[in-house]
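Spelled out, the chains give:
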Amino acid sequence: MNKIADVLHWIGFFGTCFMLVLSFLDESRDEVLIHFTASMIPNTLSWLIAILLTGKRNFFPFLIK
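Conventions we followed
- Residues numbered from 1 in each chain as written.
- Predicted model: local features only at pLDDT ≥ 70, side-chain atom pairs only at ≥ 80, totals over all residues.
- Heavy atoms only, no water.
- Helix = DSSP H or I, 4+ residues; strand = E, 2+ residues; numbered from the N terminus.
- Axes fitted to C-alpha atoms, helices over the stretch in contact; angles between N-to-C directions.
- Parallel < 35°, antiparallel > 145°, perpendicular 65-115°, else oblique.
- Left-handed = near helix turned anticlockwise from the far one by under 90°.
- Contact = heavy atoms within 4.5 Å.
- pLDDT = per-residue confidence, 0-100.
- Salt bridge = Lys/Arg side-chain N within 4 Å of Asp/Glu carboxyl O.
- Buried < 20%, exposed > 50% of the residue type's maximum accessible area, 1.4 Å probe, protein only.

A. Representation of the environment of Leu-45 within the structure. By secondary structure assignment, the location of Leu-45 is in helix H3 (residues 41-54). Note: C-alpha distance between Leu-45 and Leu-8 (37 residues apart in sequence) is 9.7 Å.

In structure tokens form, the structure reads like this:
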């Protein structure tokens, strides 16, 4: 179960990275705070699911407990 939670958390982290790159490439540059907040949703959701599955863990998957 821990391995599944790790993979899910990494998928959420890469989703967040992808969305941050897309918001950086947005030419309008409007509403930066909204773009940043929306980009954090995949990592936050996958972090919450991983906590429910395995218990306490760091918000960023590359940090060691």
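B. Expanded view of the packing of helix H1 (residues 2-25) against helix H2 (residues 32-39). It is the contact of H1 with H2, at a shortest axis distance of 8 Å, that shows an interaxial angle of 160°. With respect to H2, the axis of H1 lies roughly antiparallel. Between H1 and H2 the crossing geometry is right-handed. Facing H1, whose interface residues are Thr-16, Met-19, Leu-20 and Ser-23, H2 presents His-35, Phe-36, Ala-38 and Ser-39.

C. Geometry of the confidence of the model for the chain. Per-residue confidence for the chain gives a mean pLDDT of 90, with 98% of residues at or over 70. Predicted confidence in the chain is weakest over H2, with a mean pLDDT of 88, and strongest over H3, with 94.

D. Geometry of the pattern of salt bridges. For the coordinates displayed, the defined rule picks out one salt bridge. For Arg-57, the salt bridge identified is with Asp-6, shortest N-O distance 2.8 Å. Linking Arg-57 in the segment after H3 with Asp-6 in helix H1, this pair joins segments that are 51 residues apart in sequence. Using a relative accessible area of 11% as the deciding quantity, one classes Arg-57 as buried.

E. Seen up close, the side chain of Ser-23. Tracing the sequence through the fold places Ser-23 in helix H1. Accessibility expressed as a relative area gives 18% for Ser-23, which makes it buried. With sequence-adjacent residues up to four places away left out, Ser-23 is seen in contact with Arg-29, His-35 and Ser-39.

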